[in-house]
Amino acid sequence: MNTPAFFDSLTEQKPDPLLELIAKFAADPRSGKIDLGVGVYRDETGRTPVMRAVKAAEHYLWETQESKSYIGPEGDPAFLRALALEVFGERHGGRLLAGIQTPGGTGALRLAAELLALDNRRKIWIGTPTWVNHQAIFAAVGLQVGTYRFFDIDKQAVLIDEMLTTLQDAAPGDAVLLQTSCHNPTGAGLSQQNWRDIAAIIASNGLLPLFDNAYQGLGRGPIEDAAGMIGVIETVGEAMVAVSCSKSFSLYRERTGAVYLFGDQQASLNKGVGNLASHARTSYSMPPAHGAAIVAAILQNPSRRQVWVDELREMRIRIAEIRGAAAKAFGQFHPELANIASQEGMFSLLPIPPENVRQLRAEHGIYMPDSGRINVAGMRVEDVASVAERIGPYLA
Ligand code: PMP
């Protein structure tokens, strides 16, 4: 009798397209090649350095840490307190909050998704295009994923009316995923009026907002970037927030993040966190400690915190400079791309068909995913014009 081979029944999984792109870039021998694909911040020399504040915190930890014994599934309470103060401010929208440390922003989103499923939520609404992992995370826990068009790539504009109409028609109890700032992949920001309209519909329709907060401080500023989210928390009363420290502390591989729950009853929030913790316990037991210890050591120490605030500002200023140059250079080929200047964070989405993306890669060694998303921080300011000259003819 033939026994089936090990894992015979499984479906073959495709490698992650972005990781494939990184490998292709690495293997390209051309000296003028340029990587606009990878989603990490790059400085003017093309590096993703360890932040000075992080180095200082690691030095401090090396000198003072006395044990690497277990922490709990909830993680480090000092980290959770310090991060909440930094992200949400002292008032945190006038609501109570409770949080749990997670392995990065992805871990935070997955844990939040698990809680939505445990809470018998039916559906989550997501604007498209969005970060490639979003749909899969929510589908993985059995939630229905409803989508609406969020952004017109050709016009480089947010489709706020489509968004508001969808939220108007969503069923009470449904969840809504919102990116706090620096939208991935479009860079599109929402106005204060947009946020007020969104908050009003979420409140009147009884929806639950889940914020994906992965880029705070890389857009307009740390407080400005959170303002829309805080307004929604204030108006709606209940919310979940997945925070990633990957970009704002440049801690990518340390897997540092948190989920916070907001509401008016501490007992319900504690029950929510208890369920998150019990899910963590059966998944990975407890989150990795090092990144969170670094973040706590930065935020709790005024001089290290000041170094971090200054570095984050340097990153923001560099991104704004590249955006200014890119808006001018790309705007010559497609006038609406002048909006790159007012978009925020690392990403913008070019109107470029996938076959042209591949052609561009083959002919000019310019790498971006098939979606046409570019990481503006992948360019040096002085190279922007020549990169735009090469990309321009391929734009739709
Ligand atoms: N949300 C968004 C919008 C992102 O772009 C990313 C990272 N690319 C994440 C969440 C996940 O971040 P992390 O690396 O902390 O898991």
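What you see is a predicted model; the values in this text were computed from it and never measured.

(A) Structural view of a nonpolar patch on the surface. On the surface, Phe6, Phe7 and Leu10 cluster together into a nonpolar patch covering about 420 Å² of accessible area. When you line up the elements, Phe6 lands in the segment before helix H1 (17-27).

(B) Inspection of empty space enclosed by the protein at higher detail. All told, the structure shown has one cavity of 30 Å³ or more when counted by the stated rule. Its volume calculated, the largest cavity comes out at about 120 Å³. Together, Leu83, Glu86, Val87, Asn213, Gln216, Pro222, Val243, Ser244, Cys245, Ser248, Phe249 and Trp308 line the largest cavity. Secondary-structure elements contributing two or more residues to the lining of the largest cavity are helix H3 (77-88) and strand E9 (239-244).

(C) Structural detail: the site of the ligand. Inspection of the region around the ligand gives 13 residues, with Thr106, Asp212, Tyr215, Ser246 and Arg255 positioned closest. For the ligand, a nitrogen atom lies 2.6 Å from a polar atom in the side chain of Asp212. In this structure, Arg255 approaches the ligand through a side-chain N or O atom, which is 2.7 Å from an oxygen atom. In isolation the ligand offers 400 Å² of accessible surface; the protein chains occlude 89% of this area.

(D) Region of interest: the packing of aromatic side chains. Tallying each qualifying case throughout the model produces seven aromatic pairs. A centroid spacing of 4.1 Å and a plane angle of 20° characterise the contact between Phe6 and Phe7, whose relative ring orientation is stacked. The same class applies to Phe6 as to Phe7, namely exposed. Look at Phe249 and Trp308: their rings are 4.4 Å apart centre to centre, the planes differ by 5°, and that puts the pair in the stacked class. Note that Phe249 is positioned in the loop between E9 and strand E10 (257-263) and Trp308 in helix H11 (residues 302-331), a separation of 59 residues in sequence.

(E) Quick look at the side chain of Glu114. Locating Glu114 in the fold gives a position in helix H4 (residues 104-118). Side chain to side chain, Glu114 and His279 meet in a polar contact 3.4 Å long. With residues near it in sequence (within four places) discarded, Glu114 still touches Val141 and His279.

(F) Examining helix H8 (residues 222-236) more closely. In a regular helix each residue adds 1.5 Å, so 15 residues correspond to 21 Å; H8 covers 22 Å between its end C-alpha atoms and thus fits that length. By the largest-angle criterion, Gly228 marks the main kink of H8, which is about 40°. Taken as a whole, H8 has its buried residues at Asp225, Ala226, Gly228, Met229, Ile230, Val232, Ile233 and Val236. Elements in contact with the buried residues of H8: H3, helix H7 (192-205), strand E8 (208-213), E9 and E10. Phi turns positive, to about 95°, at Gly237, one or two residues after H8.

(G) View of the domain arrangement of the protein. The domains assigned to the protein are domain 1 (16-49 + 306-394) and domain 2 (54-300). A separation of 26 Å is found between the C-alpha centroids of domain 1 and domain 2. Both faces considered, domain 1 and domain 2 share a buried interface measuring about 2300 Å² in area, 59% of it formed by carbon and sulfur atoms. Contact with domain 2 buries area across many residues of domain 1, yet Trp308, Glu344 and Leu349 alone supply 33% of it, more than any other trio. At the junction of domain 1 with domain 2, the criterion picks out one salt bridge.

(H) Structural view of the pattern of salt bridges. Scanning the model with the defined rule gives 20 salt bridges in all. Between Asp370 and Arg358 there is a salt bridge, with its nearest N and O atoms 3.2 Å apart. Taken together, the positions of Asp370 in the loop between strand E12 (366-367) and strand E13 (373-375) and Arg358 in helix H12 (residues 354-364) put the pair twelve residues apart, joining distant regions of the chain. The class of Asp370 is partly exposed, set by a relative accessible area of 34%. A salt bridge links Asp370 to Arg361; the nearest nitrogen and oxygen atoms lie 3.4 Å apart. Within this structure, Arg52, Glu311 and Glu314 form a network of salt bridges that share partners.

Thresholds, definitions, all that
- Residues numbered from 1 in each chain as written.
- Predicted model: local features only at pLDDT ≥ 70, side-chain atom pairs only at ≥ 80, totals over all residues.
- Heavy atoms only, no water.
- Patch = residues over 30% accessible without salt bridge, like charges linked within 9 Å, V, L, I, M, F, W, Y side chains within 5 Å.
- Areas by Shrake-Rupley, 256 points an atom, 1.4 Å probe, with all protein chains shown as cover.
- Salt bridge = Lys/Arg side-chain N within 4 Å of Asp/Glu carboxyl O.
- Helix = DSSP H or I, 4+ residues; strand = E, 2+ residues; numbered from the N terminus.
- 1 Å grid on protein atoms, 1.4 Å probe; cavity = no way out; pocket = protein on both sides within 12 Å on 5 of 7 lines; lining within 4 Å.
- Points joined across faces, edges and corners; volume = space filled by probe spheres on them.
- Near = heavy atom within 4 Å.
- Polar contact = N/O pair within 3.5 Å; in protein donor to acceptor, adjacent residues only side chain to side chain.
- Phe/Tyr/Trp six-rings, centres within 6.5 Å; stacked < 30°, edge-to-face > 60°.
- Buried < 20%, exposed > 50% of the residue type's maximum accessible area, 1.4 Å probe, protein only.
- Contact = heavy atoms within 4.5 Å.
- Expected span 1.5 Å × (residues − 1).
- Bend = angle between axes of the 7 residues up to and from the residue.
- Domains from an automatic or database assignment.
- Buried area = accessible area lost by both parts, 1.4 Å probe.

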